Amino acid sequence: MSSAIAFLRQLNTEVFGRHAQATTIAEESTAWPQVSRPIEGGGLGFGYKWNMGWMHDTLAYISKDPIYRRHHHGDILFGLHYAFAENFVLPLSHDEVVHGKRSILGRMPGDDWQRFANLRAYYGFMYGHPGKKLLFMGNELAQENEWSHERSLDWHLLDRPRHAGVQALIRDLNRLYRSVPALHELDCEEGGFEWLAMHDADRSIFAWMRKGRGPRARCVVVVNFTPQVYRDYGSGCRFVGRWREVLNTDAAIYGGSNVGNGGR
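Residues numbered from 1 in each chain as written. Predicted model: local features only at pLDDT ≥ 70, side-chain atom pairs only at ≥ 80, totals over all residues. Heavy atoms only, no water.

A. Layout of the overall build of the chain. Within the chain, the secondary structure is distributed over 5 helices and 7 strands. Its helices and strands taken in sequence order, the chain reads α-β-β-α-α-β-α-β-α-β-β-β from the N to the C terminus. A compact globule built from 264 residues would reach a C-alpha radius of gyration of about 18 Å, and the chain, at 19 Å, matches this within 12%. Each principal axis of the C-alpha distribution contributes one length, and for the chain these read about 55 × 55 × 35 Å. Carbon and sulfur atoms provide 52% of the accessible area of the chain, an area that totals close to 13900 Å². Looking at the chain, you have 31 positive and 29 negative side-chain charges, and the mean spots of the two groups are 6 Å apart. (Helix = DSSP H or I, 4+ residues; strand = E, 2+ residues; numbered from the N terminus. Rg over C-alpha atoms; globule rule 2.2 N^0.38 Å. Areas by Shrake-Rupley, 256 points an atom, 1.4 Å probe, with all protein chains shown as cover. Lys, Arg positive; Asp, Glu negative; His and termini not counted. Charge placed at Lys NZ, Arg CZ, Asp CG, Glu CD.)

B. Local environment of the sheet that holds strand 3 (residues 88-92). Read across the open sheet, the 4 strands follow the order 1-2-3-4; overall the sheet is parallel. Since the sheet does not close on itself, it has two edges, and those belong to strand 1 (25-26) and strand 4 (132-135), each with one partner. In terms of strand pairing, strand 1 meets strand 2 (residues 48-50) through 2 bridges, oriented parallel. What sits directly across from Ala26, in strand 2, is Lys49. Each of strand 2 and strand 3 touches helix 2 (residues 52-62); the most contacted strand, strand 3, lies at about 40 degrees to it. The sheet contacts of helix 4 (residues 112-128) involve strand 3 and strand 4, and relative to strand 4 the element is tilted by about 145 degrees. (Pairing = 2+ DSSP bridges. Contact = heavy atoms within 4.5 Å. Axes fitted to C-alpha atoms, helices over the stretch in contact; angles between N-to-C directions.)

C. Highlighting helix 5 (residues 161-179). With 19 residues, helix 5 extends 26 Å between its outermost C-alpha atoms, agreeing within 8% with the 27 Å of an ideal straight helix rising 1.5 Å per residue. Taken as a whole, helix 5 has its buried residues at His163, Gly165, Val166, Ala168, Leu169, Ile170, Asp172, Leu173, Leu176 and Tyr177. Of the surrounding secondary structure, the elements contacted by the buried residues of helix 5 are helix 4 and strand 4. (Expected span 1.5 Å × (residues − 1). Buried < 20%, exposed > 50% of the residue type's maximum accessible area, 1.4 Å probe, protein only.)

D. Main features of the sheet that holds strand 7 (residues 218-224). Pairing is antiparallel in the open sheet, where 3 strands are placed in the order 5-6-7. Strands with a single pairing partner mark the edges of an open sheet, and in this sheet they are strand 5 (193-197) and strand 7. Put simply, the sheet's adjacent strands are angled 20 degrees from each other on average, direction ignored.

E. Geometry of the packing of helix 2 against helix 4. One can describe the packing of helix 2 onto helix 4 by two numbers: an axis separation of 11 Å at closest approach and a directional angle of 150 degrees. Classed by the angle they form, the pair helix 2 and helix 4 counts as roughly antiparallel. As for the relative orientation of helix 2 and helix 4, their crossing is right-handed in sense. Each of Trp54, Met55, Thr58, Leu59 and Ile62 in helix 2 lies in contact with helix 4, whose residues at this interface are Asn118, Tyr122, Phe125 and Met126. Its residues assigned to classes, the contact of helix 2 with helix 4 shows 7 nonpolar, 2 polar and no charged. (Parallel < 35°, antiparallel > 145°, perpendicular 65-115°, else oblique. Left-handed = near helix turned anticlockwise from the far one by under 90°. Nonpolar A, V, L, I, M, F, W, Y, C, P; charged D, E, K, R; others polar.)

F. Structural context of the nonpolar core. Counting residues in each nonpolar core, the largest one holds 48 residues, and the members touching the most others are Leu92, Ile104, Tyr122, Tyr123 and Phe225. Elements supplying a minimum of two residues to this core: helix 2, helix 3 (74-77), strand 3, helix 4, helix 5, strand 6 (205-211) and strand 7. The leading source of residues in this core is helix 4, at 8 residues. Ile5, Val35, Leu44 and Phe46 belong to the second largest nonpolar core, which has 5 residues in total. (Core = buried A, V, L, I, M, F, W, Y, C linked by side-chain atoms within 4.5 Å.)

G. Representation of the side chain of Glu96. In this fold, Glu96 is placed in the loop between strand 3 and helix 4. On the basis of relative accessibility, which here comes to 5%, the residue Glu96 falls in the buried class. Not counting chain neighbours up to four residues away, the residues in contact with Glu96 comprise Met55, His56, Leu59, Lys101, Arg102 and Arg107.

H. Structural detail: the pairing of strand 4. In this structure, strand 3 lies alongside strand 4, joined through 4 bridges in parallel fashion. Within the sheet, the bridge partner assigned to Leu92 lies in strand 4 and is Leu135.

I. Spotlight on the environment of Leu80. Along the polypeptide, Leu80 turns up in the loop between helix 3 and strand 3. Along the backbone, Leu80 and Pro33 are 47 residues apart, and their C-alpha atoms lie at a distance of 17 Å. Not counting residues up to four positions away in its chain, the partners in contact with Leu80 are His129, Pro130, Phe193 and Trp195.

J. Broad picture of the pattern of salt bridges. All told, the structure shown has 13 salt bridges when counted by the stated rule. The closest approach of N and O atoms between Glu194 and Lys211, which form a salt bridge, is 3.0 Å. Of this pair, Glu194 sits in strand 5 while Lys211 is found in strand 6, placing the two residues 17 residues apart along the sequence. No difference in accessibility class separates Glu194 from Lys211, as the two residues are buried. Its salt-bridge partner being Asp200, residue Arg203 comes within 3.0 Å of it at the nearest N-O pair. Residue Asp200 is classed as buried on the basis of its relative accessible area of 13%. (Salt bridge = Lys/Arg side-chain N within 4 Å of Asp/Glu carboxyl O.)

Below you can see the structure in the form of structure tokens.
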């Protein structure tokens with residue numbers, strides 16, 4: 001064991017020492033501590049670590065009918081208790097779309113409209129959540145079938161508006177993630193996150209503020225994991241003034257019903 005640890009530390013030392021723009025990511029599923037912490041402090045020196053707990057808990061939550069989610073509110077909250085213990089990557093990985101587990105879309109409950117609405121809300125939640133993002137191939141198309149190395153992705157699905165809408169959402173989420181400092185500058189630091197609504201289990205609503213380095217680098221994320229529309233919902237944000245709505249996963253361009261805030 002000690003030689004394996006020494007090897008990993010030496011590997012990360014060489015990678016980061018020789019290539020300033022490179023990083024290393026540990027696909028690691030145990031509770032081994034300090035995987036992505038500096039070697040000088042006793043860590044293994046990886047740049048990031050997969051957050052397997054987040055993946056399992058949130059997939060279990062989103063797979064349930066919305067009427068039951070109030071009883072599983074903690075599945076969403078729990079990951080944020082340890083979200084800054086490592087430099088985490090949020091993975092929806094290859095292991096989750098094979099061997100009878102179904103595709104990510106295939107886990108969504110309800111009729112066709114509800115399944116796609118659930119998926120879009122889940123992806124919006126993922127991109128607003130602290131941690132880097134990893135989507136396995138086909139997830140961005142809302143692929144219905146499990147992934148298989150024996151055939152290509154189901155590209156033909158993009159001829160269908162709802163699948164094309166999910167692809168457009170992922171494109172816009174990626175663009176937003178890069179362009180809004182609050183969503184990435186302090187991604188792995190506790191100071192970049194503040195809860196605004198965490199106890200509203202009855203309505204399955206979560207709200208938080210993401211923060212960048214600048215005093216006005218702020219982004220509010222509000223997630224409603226039910227089909228119910230709530231008007232004038234108060235989230236306790238302390239900043240006075242108008243907020244710009246930069247993304248709405250229910251927008252018609254993504255295949256939604258266009259219930260939003262009119263851009264403000």
